[in-house]
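# Understanding the architecture of this molecule
Each chain, letter by letter, is given below.
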There are 2 protein chains.
Amino acid sequence: MNDESAAGGKGTQRRHRRNTGAMTLRQVAQLADVAPVTVSRVLNTPDVVSPEVRERVLAVIRETGYVPNRLAGGLASTRSNLIAAIVPTITMSVFLQTVQSLTDTLFDADYQLMLGQTGYSPEREDALLEAIIGRRPDGIVLTGVDHSAQSRQRLLGAGIPVVETWDLTDHPIDMLVGFSHRDIGSSVARYLAGRGRQQLALVTADDERARRRASAFEATALELGLPPVQRISVGGSRTLSSGRTALARLAESGSRPDAVFCSSDLLALGVMTEAQSRELRVGQDLGVVGFGDFDFVADLEPALTSVRINGAAIGEQAARFLVARAEGHAVAQPVVDVGFSIVERASA
Amino acid sequence: MNDESAAGGKGTQRRHRRNTGAMTLRQVAQLADVAPVTVSRVLNTPDVVSPEVRERVLAVIRETGYVPNRLAGGLASTRSNLIAAIVPTITMSVFLQTVQSLTDTLFDADYQLMLGQTGYSPEREDALLEAIIGRRPDGIVLTGVDHSAQSRQRLLGAGIPVVETWDLTDHPIDMLVGFSHRDIGSSVARYLAGRGRQQLALVTADDERARRRASAFEATALELGLPPVQRISVGGSRTLSSGRTALARLAESGSRPDAVFCSSDLLALGVMTEAQSRELRVGQDLGVVGFGDFDFVADLEPALTSVRINGAAIGEQAARFLVARAEGHAVAQPVVDVGFSIVERASA
DNA sequence: TTGAAAGCGCTAACAA
DNA sequence: TTGTTAGCGCTTTCAA
């Protein structure tokens, strides 16, 4: 009576899997009295279907609440409409803007974002990447340019378009949207020296990119003939509280820095808070520069000077690259330096 | 020569799709000289394969960098090892801890998280939900308990386990992990009244749950015989800057509130900042209570009193519920009230 | 312990 | 414009 009869023919023993329970495209087709392909066309290329048939099919879809299985679709079409992104963390972090704009840009292009967090751990990045590649996303956004040999091999082998972000390198895996951490370190040192600051200090988290900013900061201070930079490392703890502790240590070390460059705005807020409770006037006695230019820093008292990265632009550009590739277009200029700026405010 | 010969038989015209390029399980099987099922077993139930064969297969997998296609696996097994979560926003928000612990708990159980952000828009929630259901995740975490009729129908129809979070209701779709916003509003009002505060004010964002806290706050103040609560709505803008503006409006309105309950810690930080620049002593002249108990609020000057929600517990519990269901276990007590607490600090 | 066959739900290729 | 057929890459069922 229906097309199952073939499977239930007399000589054949029926055995295989009962279907999952959810409505399928085939069932919709039967209810609308059309072939399965036609339902597929209504969903994917509606213009190619006659209005009456289209309406009939859509009516069935509406009544049944049918939601097509994209896993099956993806398998058949080798297009998943999924983009994956891996960031160190989203908790109070500079990557938030990138993730946000990635989500938004992709949503508008009818893609979805899968997010992975490494917690700054390379092992975890490898594990995440394997899980991600297994889902055959149409593209992958990576943070940074340091990835294990294994991950590079898998990525290349899978043939999935990749965008590395938040850094620059001469040997990207595929595409690249970032900026130079070295230049930032130098620029901030020069900026502070130009404002008459002498005894510079660093309060910095312990990840590869922050370290690179810090080293360039120190090197430039030296070149400019300033005394050696004092550097306090807060390890992996990028909190307000670590910032307070760091300034306390600095203040009690005897030497009195007159400017501090922090590797994140939250650390900078900690430094400012501790300075205020020590009756140091931020902006006068102590210059403070943050990194990230979070939304709220402009409204602090005093407003915080910070290095601004256009994280949203990074996300948007990365999304555009990947969508272009997914649609089969080549990307002419697959390396973009989005630069940075020092936003001058009262704190320095 | 190989098993493709069947497809290329003389009478048949070969036409179909060339494979995608990436290594497949079938190719691994050929290289290891075993049947495809055997490779599948090595991947999923290794104990059932003899050690020698297992080693041979694993060697090939290692050499080729083969990563199994989970889309195909999911389609065949109707298990995706994917859990989806929908939150209003992750930008500087209270949901961050929940997302974080969800990610971590799921990662440990070998599941992955798909994240969607609604930006507090119900339309967007519907669109997201359709995209998500289409990927047949093994479970879905929702924020809040207000969902469109269409979404409820789809969810029920898809038969996917659901956990609603961050609120309570008598009619959950499926499972529920939350707390009472009404109770929070009442408790904070009582708390402030108990500390001798008279003229209470609200600075609140304009979403359903914040409104519910606010209404209960007002009602309780009234019951306690306090003067009417002044309420400033900041719309959808949950920023430090809105908090500053709100307190400015309050201060200039003539009436002088002696305590403010803010619907987020960031708003509270704005209120504090504005108070300080108006020479109001926070804690003495003006009590301030936040919501969320962000990491950094304990280290502010003065430290901020805030309503603490154990967002991490919500995420963990939700993850456990869904993993249990995915593994085929029933969940005995599928409704959990995680409660809340008022963390007393200097600001109130 | 291993394998052959069937099919998960969808789309690409071809035909009419 | 609509339909038929053959898979996408994997896992399940049944058999040995």
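Computed from a predicted structure; not experimentally measured. (Residues numbered from 1 in each chain as written. Chains lettered and ligands numbered in written order. Predicted model: local features only at pLDDT ≥ 70, side-chain atom pairs only at ≥ 80, totals over all residues. Heavy atoms only, no water.)

### Some thoughts on the domain arrangement of chain A
All names here are of chain A. Put simply, the test is: Domains are outlined according to an automatic or database domain assignment. Throughout, a residue-residue contact means that at least one pair of heavy atoms, one from each residue, lies within 4.5 Å. Salt bridge criterion: a side-chain nitrogen from Lys or Arg within 4 Å of a carboxyl oxygen from Asp or Glu.
Domain boundaries assigned for chain A yield domain 1 (3-64), domain 2 (80-179 + 311-340) and domain 3 (181-308). Once you take the C-alpha centre of each, domain 2 and domain 3 turn out to be 30 Å apart. Each partner contributes residues to the interface: domain 2 has 14 residues there, and domain 3 has 16 residues. On the surface where domain 2 and domain 3 come into contact, there are one salt bridge. As a salt-bridge pair, Asp 167 and Arg 212 come within 2.7 Å of each other at their nearest N and O atoms.

### Side note on the relation of the copies chain A and chain B
We count it as follows: Copies are brought into register by a least-squares superposition over C-alpha atoms of residues with pLDDT of at least 70 in both.
Least-squares fitting of chain A to chain B yields an RMSD of 0.2 Å, with the superposition described by an axial translation of 0.1 Å and a rotation of 180 degrees. Taken together, these values place the two copies in the relation of a two-fold axis. Of all interface residues in chain A, 95% are interface residues in chain B too; the two copies therefore contact each other through one and the same surface.

### Thoughts on the pairing of strand 9 (residues 287-291) of chain B
Residue and element names in this part refer to chain B. Which entries qualify depends on this criterion: Throughout, exposure labels follow a simple rule: accessible area from a 1.4 Å probe, protein chains only, divided by the maximum for the residue type, with under 20% read as buried, over 50% as exposed, and the rest as partly exposed. Secondary structure is summarised from DSSP: a helix means a run of H or I of at least four residues, a strand means a run of E of at least two, and numbering begins at the N terminus for each. By convention, orient the strands away from the viewer: a clockwise path from the first strand over the helix to the second makes the crossover right-handed. Two strands are said to pair when DSSP picks up at least two bridges between them.
Summarising burial for strand 9: five of the five residues are buried, a large majority. With helix 11 (residues 265-277) bridging strand 8 (residues 259-262) and its parallel neighbour strand 9, the resulting β-α-β unit is right-handed. Here strand 9 pairs with strand 10 (residues 305-308) via three bridges, running parallel. Among the inter-strand pairings, Phe 291 is bridged to a residue of strand 10, identified as Val 307.

### With respect to the sheet that holds strand 7 (residues 230-233) of chain A
Either a parallel or an antiparallel arrangement is found when strands of a sheet pair, and the pairing is made through backbone hydrogen bonds. Residues and elements named next belong to chain A. As a reminder of what qualifies: Here an angle of 0 to 180 degrees is reported between the N-to-C directions of two axes, which are lines fitted to C-alpha atoms, with helices fitted over the stretch in contact.
Across the sheet, six strands lie side by side as 7-6-8-9-10-12; this open sheet has mixed pairing. On the outer flanks of this sheet lie strand 7 and strand 12 (341-343), each paired with one strand and no other. Put simply, the sheet's adjacent strands are angled 20 degrees from each other on average, direction ignored. Pairing between strand 6 (residues 200-204) and strand 8 (residues 259-262): four bridges, direction parallel. Bridge assignment links Leu 202 to a residue of strand 8, and that residue is Phe 261.

### As for the interface of chain A and chain B
Inclusion rule: Put simply, buried area is the surface a 1.4 Å probe can reach on two separate parts but cannot reach once they are joined, added for both. Nitrogen and oxygen atoms within 3.5 Å of one another constitute a polar contact, given that in protein one can donate a hydrogen and the other can accept it, and given that sequence-neighbouring residues count only through two side-chain atoms. Residues are grouped as follows: Ala, Val, Leu, Ile, Met, Phe, Trp, Tyr, Cys and Pro are nonpolar; Asp, Glu, Lys and Arg are charged; all remaining types, including Gly, are polar.
Residue-level contacts link 58 residues of chain A with 56 residues of chain B. With both chains or domains summed, chain A and chain B bury close to 5400 Å², and 60% of this area falls on carbon and sulfur atoms. Considering only the side of chain A, the residues that lose the most area to chain B are Leu 71, Gln 112 and Arg 135 of chain A, jointly responsible for 13% of the buried surface there. Close ionic contact of Arg 244 of chain A with Glu 301 of chain B constitutes a salt bridge, the shortest N to O distance being 3.3 Å. Our enumeration of links across chain A and chain B arrives at 20 residue pairs in polar contact (both at pLDDT 80 or more). Looking at the side of chain A that touches chain B, the elements with two or more residues in it are helix 3 (51-64), helix 4 (70-77), helix 5 (95-108), strand 2 (112-117), helix 6 (122-134), helix 7 (149-158), helix 10 (240-252) and helix 11 (265-277) of chain A. Among the elements that line the side of chain A that touches chain B, the one with the most residues is helix 6 of chain A, at eight residues. Broken down by class, the residue content of the side of chain A that touches chain B amounts to 26 nonpolar, 20 polar and twelve charged.

### Focus on the pattern of salt bridges
The full count for this structure, using the stated rule, is 38 salt bridges over all chains. Across the pair Arg 244 of chain A and Glu 274 of chain A runs a salt bridge, and its minimum N-O distance is 3.0 Å. With Arg 244 of chain A in helix 10 and Glu 274 of chain A in helix 11, the pair connects residues that are 30 residues apart, well separated along the chain. Accessibility assignment for this pair places Arg 244 of chain A and Glu 274 of chain A in one class, buried. Between Arg 345 of chain B and Asp 293 of chain B there is a salt bridge; the shortest N-O distance is 3.1 Å. Within this pair, whereas Arg 345 of chain B is found in the segment after strand 12 (341-343), its partner Asp 293 of chain B is found in the loop between strand 9 and strand 10, the two being separated by 52 residues in sequence. A relative accessible area of 8% means that Asp 293 of chain B is categorised as buried. A single network of salt bridges, built from pairs that share partners, joins Asp 167, Asp 206, Glu 208, Arg 211 and Arg 212 of chain A.

### Some details on the packing of aromatic side chains
Heads up, the rule is: Pairing of aromatic rings covers Phe, Tyr and Trp, the last through its six-membered ring, and needs centres within 6.5 Å; plane angles under 30 degrees mean stacked, over 60 mean edge-to-face, and all others mean tilted.
Overall, the coordinates contain eight aromatic pairs over all chains when judged by the stated rule. Relative to Trp 166 of chain A, the ring of Phe 95 of chain A lies with its centre 5.0 Å away and its plane at 75 degrees, an arrangement referred to as edge-to-face. Here Phe 95 of chain A is found in helix 5, whereas its partner Trp 166 of chain A is found in the loop between strand 4 (162-165) and strand 5 (175-178), with 71 residues between them in sequence. Taking the centre distance of 5.9 Å and the plane angle of 70 degrees together, the rings of Phe 294 of chain B and Phe 296 of chain B count as edge-to-face. An aromatic cluster is defined as three or more aromatic residues linked by ring pairs; in this entry it consists of Phe 95, Trp 166 and Phe 179 of chain A.

### Describing the packing of helix 8 (residues 181-194) of chain A against helix 9 (residues 208-223) of chain A
Residue and element names in this part refer to chain A. Stated precisely, the cut-off is as follows: Orientation labels follow simple angle bins: below 35 degrees gives roughly parallel, above 145 gives roughly antiparallel, 65 to 115 gives roughly perpendicular, and whatever is left gives oblique. For a crossing to be left-handed, the near helix must be turned anticlockwise from the far one by less than a right angle; the clockwise case is right-handed.
With their axes 7 Å apart at the nearest point, helix 8 and helix 9 run at an angle of 40 degrees to one another. As the angle between them shows, helix 8 and helix 9 are arranged oblique. The handedness of the crossing between helix 8 and helix 9 comes out as right-handed. Residue-level contacts link His 181, Arg 182, Ile 184, Gly 185, Ser 186, Val 188, Ala 189, Arg 190 and Leu 192 of helix 8 to Arg 209, Arg 212, Arg 213, Ala 216, Phe 217, Thr 220 and Ala 221 of helix 9.

### As for the environment of Arg 278 of chain B
All names here are of chain B. Here Arg 278 shows up in the loop between helix 11 and strand 9. Exposure remark for Arg 278: the relative accessible area of 30% places this residue in the partly exposed category. For the pair Arg 278 and Ala 248, spaced 30 residues apart in sequence, the C-alpha separation works out to 8.8 Å. Discounting residues that sit within four places of it in the chain, Arg 278 has contacts with Ala 248, Ala 251 and Glu 252. A distance of 2.8 Å separates a polar atom in the side chain of Arg 278 from a polar atom in the side chain of Glu 274.

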